[in-house]
Each structure stands twice: as C-alpha cells, then as structure tokens.
Amino acid sequence: MHKWSLACFEAKGMSSNNLKTQIISAKEQVQRVASIQGIAPETLNACATYFNDEQVLTYLQDPESINEKIIHVNQEKFADSLYKPLFLMRDATNERFELRREDGFNYYSIDLEAKGLNLRVGVDEEVHDLIMQKEFSSLNSISKQKFKKYSNDMVLENYSVGLDGIVVKYRDY
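Keep in mind the model is a prediction, meaning the values are calculated, not measured.

The rules we used
Residues numbered from 1 in each chain as written. Predicted model: local features only at pLDDT ≥ 70, side-chain atom pairs only at ≥ 80, totals over all residues. Heavy atoms only, no water. Helix = DSSP H or I, 4+ residues; strand = E, 2+ residues; numbered from the N terminus. Buried < 20%, exposed > 50% of the residue type's maximum accessible area, 1.4 Å probe, protein only. Contact = heavy atoms within 4.5 Å. Areas by Shrake-Rupley, 256 points an atom, 1.4 Å probe, with all protein chains shown as cover. Core = buried A, V, L, I, M, F, W, Y, C linked by side-chain atoms within 4.5 Å. Arc of directions from axis to C-beta. Phe/Tyr/Trp six-rings, centres within 6.5 Å; stacked < 30°, edge-to-face > 60°.

Student: Help me understand the overall build of the chain in this model?
Tutor: Looking only at helices and strands, the chain has four helices and 10 strands in total. Across the 173 residues that make up the chain, the buried fraction comes to 39%. Taking the contacts inside the chain whose residues are at least 6 apart along the sequence as the reference set, 56% of them involve residues at least 24 apart. Split by element, the accessible area of the chain, about 10600 Å² in all, is 48% carbon and sulfur.

Listed below in structure tokens is the structure:
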C-alpha cells in the first residue's frame, strides 16, 4: 500500500511570481505529515496553482523529508479533503455530475467555462462511487496502473488523469 501526502494552494488573480511563496508554504505543510492511518508517507508533494483568463500554471515540488514531523493524518479526512474541491465546484455551479464514457474510461464530470477557459473536471466512476458510499479505505485498492494507462492514452485528447482518479480536460473551443 503506497501512501503519499500532498499540500496544494490555488489562487486566481495573483501573479505567477507568487507561486514560489505559496510552494514554500506548501512544502512546510507537507513536511509535517508523519503518518496517514499510522503509515509514514512514501512520497511528499507540494504544489501551487495559478490561473487567470489566459493560462493555468502549476508548480510542483517534491520536498525533502525532515525528521521533525508532527502531524498524523486520518485517511478518511485526507481522502475527503482531496476530493472535496470537485464536489464544491459542482455545488458552486449548480451542475450535476454527468457520467461520461470515453474509450473505456468512465468518469463523472462537470464543464466549467469562464473568460475563455473551458475545462471538464471530474473523477473516475469507481472513485466517485466509493466517495459517495464513504468507503474511503477502499480507495487504496483501486489500481493506479489503470489511471496511468488512461493518462497516457488520453493525453493527446487534452486529458489529464491523475493517479487519484481526478480527471481534467482542456476543451479548446
């Protein structure tokens, strides 16, 4: 079972130069994670995302581990907070997730359009169903290879499929 810890910050309207400040804060936050359900994370990631009317920039760093870890993360809370932004976007737009089937990959998503930015954002069907059933511990049993395969297969169609099952598609129209 692989465990990873991620700290992310998103900002709209700030300058892309401020990403470095945000990534420092994210690195400090993620370095404090000692365990997730009692297991030390194998991978630490810190990221900051900036977006405006013309671009989306993500700055990702793998910070070095430090010995002085003090945070123990509950798996349910971690999974809930990881996927919560998708559901908040859905609620904020008063949209319903639509089940989409593309090249054998099934996922729920909503379309977001604002000032020339056209995105489809969603989550793998199996991940979605486990979240809705509050079966967070079962999320670890989902094959990351499946997501990696779809990510590689769908990249030419402007898709990004994360190993967590989150799907983002840039729609160019």
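Next comes the rest of the account.
Student: I'm lost on the nonpolar core in this one. Help?
Tutor: When a protein is soluble and globular, its nonpolar side chains tend to lie buried together. By size, the foremost hydrophobic cluster in this structure holds 28 residues, and its most contacted members are Tyr 83, Leu 86, Phe 105, Val 127 and Leu 139. Looking at this core, the elements with two or more residues in it are helix 2 (75-92), strand 7 (105-114), strand 8 (117-124), helix 3 (125-132), helix 4 (144-154), strand 9 (159-161) and strand 10 (166-170). The next biggest cluster of nonpolar side chains, apart from the first, holds seven residues, and it includes Leu 19, Ile 23, Ala 26 and Ala 48.

Student: What should I look at first to understand unusual backbone geometry in this one?
Tutor: The phi angle of most residues is negative, glycine excepted, and most peptide bonds adopt the trans form. Residue Asn 94 is not a glycine yet carries a positive backbone phi of 55°. Positionally, Asn 94 belongs in the loop between helix 2 and strand 6 (98-102). Positive phi is not limited to glycine here, since Lys 134 has a value of about 60°.

Student: Help me understand helix 4 in this model?
Tutor: Given 3.6 residues per turn, any residue in an α-helix points the same way as the ones three and four places further on. Those residues of helix 4 lying buried are Phe 147, Tyr 150 and Met 154. Down the axis, helix 4 shows its buried residues gathered within 65° of arc, on one side only. The outward face of helix 4, more than 90 degrees from its buried face, is lined by the exposed residues Gln 145 and Asn 152. Where helix 4 is buried, its residues touch strand 6, strand 7, strand 8, helix 3 and strand 9.

Student: Can you walk me through the packing of aromatic side chains in this structure?
Tutor: Centre distance and the angle of the planes are the two values used to describe a pair of aromatic rings. Scanning the entire structure with this criterion turns up four aromatic pairs. Taking 5.6 Å as the distance between ring centres and 25° as the angle between the ring planes, the aromatic pair formed by Phe 105 and Tyr 107 counts as stacked. Here Phe 105 matches Tyr 107 in class, with each residue buried. Between Tyr 107 and Tyr 159, the aromatic rings sit 6.1 Å apart at their centres with planes inclined by 80°, giving edge-to-face as the arrangement. Taken together, the residues Tyr 107 in strand 7 and Tyr 159 in strand 9 connect sequence positions 52 residues apart. Judged by relative accessible area, Tyr 107 falls into the buried class, the value being 0%.

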